[in-house]
Amino acid sequence: MEHTFIMVKPDGVQRGLVGEIISRFEKKGFYLKGMKLMKVDRKFAEKHYADLSAKPFFKSLVEYIISGPVVAMIWAGKNVVTTGRKIIGATNPSESAPGTIRGDFAVEVGRNVIHGSDSVENAKKEIALWFPDGAVNWESSLRPWISE
Ligand code: RTP
């Protein structure tokens, strides 16, 4: 089963959107396979966003991510990386469609509530960084309500 890394950013936690976000992924039919509330330090945030280190917004992005606790999660399911990005919506909330998380709950690109891995390869890297012990495997207890 495909896995992705999803993070509710500090604004999402402070605005009380954690339950709403979890609910959207659950109702879609994805499986929660890891979750923790944590406050990361600068070095960790810089590592997570290393690919963006040359961007002009890198410093403010890191400040944002370390400004408060985040909820780090692993979600699993068919095409969860691509579909997860669709549930989240476009990076800039001005362009995110209504019905997406960012389309419904955000107005600023620098306060866009949630992160989701943009490829299967990056999902693997991000899960390894945030969850060194890996996912919680509970497939054996699943019944075939959603997947064949
Ligand atoms: P994320 O990694 O958080 O899921 O976001 P993304 O793939 O949709 O967007 P990406 O280009 O990777 O940017 C990462 C995060 O940086 C902030 N950002 N600020 N001020 C700006 O122009 C700007 N552009 C991006 C956003 O918080 C974005 O989610």
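Residues numbered from 1 in each chain as written. Predicted model: local features only at pLDDT ≥ 70, side-chain atom pairs only at ≥ 80, totals over all residues. Heavy atoms only, no water.

Spelled out, the test is: UniProt positions are given in the numbering used here, feature names are shortened, and annotations may be inferred rather than shown by experiment.
If you look the protein chain up in an unreviewed UniProt entry, it shows as Nucleoside diphosphate kinase from Corchorus capsularis. Regarding the protein chain, the relevant UniProt record gives this comment under Cofactor (unreviewed entry): "Mg(2+)". The protein chain has a UniProt comment under Sequence similarities (unreviewed entry) that states "Belongs to the NDK family."

### Here's the deal with the overall build of the protein chain
Our working rule: In DSSP terms, a helix is any run of H or I states spanning at least four residues, a strand is any run of E spanning at least two, and both are numbered starting from the N terminus. Here a residue-residue contact requires only that any non-hydrogen atoms of the pair lie within 4.5 Å. Computed with a 1.4 Å probe, the accessible areas rest on the Shrake-Rupley method; for each residue, only the protein chains presented here act as cover. His is not counted here, nor are the chain ends, while Lys and Arg score as positive and Asp and Glu score as negative. Working definition for charges: the position is that of NZ of Lys, CZ of Arg, CG of Asp or CD of Glu.
Counting its secondary structure elements, the protein chain contains seven helices and four strands. Shown N-terminal to C-terminal, the secondary structure of the protein chain runs as helices and strands in the order β-α-α-β-α-α-β-α-α-β-α. For the protein chain, restricting intrachain contacts to residue pairs at least 6 apart in sequence, the fraction spanning at least 24 positions comes to 79%. Summed over its atoms, the accessible surface of the protein chain is roughly 8,300 Å², and 53% of this surface lies on carbon and sulfur atoms. Separation between the mean location of the 21 positive side-chain charges and that of the 17 negative ones in the protein chain comes to 1 Å.

### What to know about the environment of Phe-58
Tracing the backbone through its elements, the reader meets Phe-58 in helix H4 (residues 58-65). Between the C-alpha atom of Phe-58 and that of Glu-46, which follows or precedes it by twelve residues, the distance is 8.5 Å. Setting aside chain neighbours within four positions, we find Phe-58 in contact with Glu-46, Tyr-49, Leu-52 and Ser-53.

### Regarding the site of the ligand
Our working definition: Near residues are defined by distance, with any heavy atom within 4 Å of the molecule or strand qualifying the residue. Within 3.5 Å is the distance limit for a polar contact, defined as a pair of N or O atoms, with the added protein rule that one can donate a hydrogen and the other accept it, and that residues adjacent in sequence qualify only through two side-chain atoms. Gly is put with the polar residues, along with every residue not named as nonpolar or charged; the nonpolar set is Ala, Val, Leu, Ile, Met, Phe, Trp, Tyr, Cys and Pro, and the charged set is Asp, Glu, Lys and Arg.
Around the ligand there are 13 residues in total, and Lys-9, Arg-85, Thr-91, Asn-112 and His-115 lie nearest to it. One of the side-chain N or O atoms of Arg-85 is found 2.9 Å from an oxygen atom in the ligand. Between the ligand and Thr-91 there is a distance of 2.4 Å, counted from an oxygen atom to a side-chain nitrogen or oxygen. In isolation the ligand has 560 Å² of accessible area, and contact with the protein removes 76% of it. Split into classes, the residues belonging to the shell around the ligand amount to six nonpolar, four polar and three charged.

### Notes on the side chain of Glu-126
This is how the line gets drawn: Relative accessible area decides the class of each residue, using a 1.4 Å probe on protein chains only: under 20% of the type maximum gives buried, over 50% gives exposed, and in between gives partly exposed. A pairing counts as a salt bridge when a side-chain nitrogen of Lys or Arg comes within 4 Å of a carboxyl oxygen of Asp or Glu.
For Glu-126, the location among the structural elements is in helix H7 (residues 120-130). No salt bridge is formed by the buried Glu-126, whose closest oppositely charged neighbour, Arg-85, lies at an N-O distance of 7.7 Å. Apart from residues no more than four positions distant in its own chain, Glu-126 is found in contact with Phe-5, His-48, His-115, Ser-117 and Phe-131.

### Re the packing of helix H2 (residues 18-28) against helix H5 (residues 80-88)
What counts here: Angles run from 0 to 180 degrees between N-to-C directions of axes, and those axes are lines fitted to C-alpha atoms, restricted for helices to the stretch in contact. Any angle that is under 35 degrees is reported as roughly parallel, and any over 145 degrees as roughly antiparallel; angles of 65 to 115 degrees are reported as roughly perpendicular and all others as oblique. Left-handed describes a crossing whose near helix is turned anticlockwise from the far helix through less than a right angle; right-handed describes the clockwise counterpart.
Interhelical geometry of H2 versus H5 gives an angle of 135 degrees and a closest axis separation of 11 Å. As judged from the angle between their axes, H2 and H5 are oblique. H2 and H5 meet at a crossing whose hand is right-handed. Counted together, Arg-24, Phe-25 and Lys-28 of H2 and Thr-83, Gly-84, Ile-87 and Ile-88 of H5 form the full contact between these two elements. Classifying every residue of the contact of H2 with H5 by side-chain character gives three nonpolar, two polar and two charged.

### So, the UniProt feature "active site" (unreviewed entry) in the protein chain
In the numbering used here, UniProt assigns the "active site" (unreviewed entry) feature to His-115. Within the fold, His-115 resides in strand S4 (residues 114-116). Setting aside residues no more than four positions away along its own chain, His-115 makes contact with Phe-5, Ile-6, Met-7, Lys-9, His-48, Tyr-49, Ile-88, Arg-102 and Glu-126.

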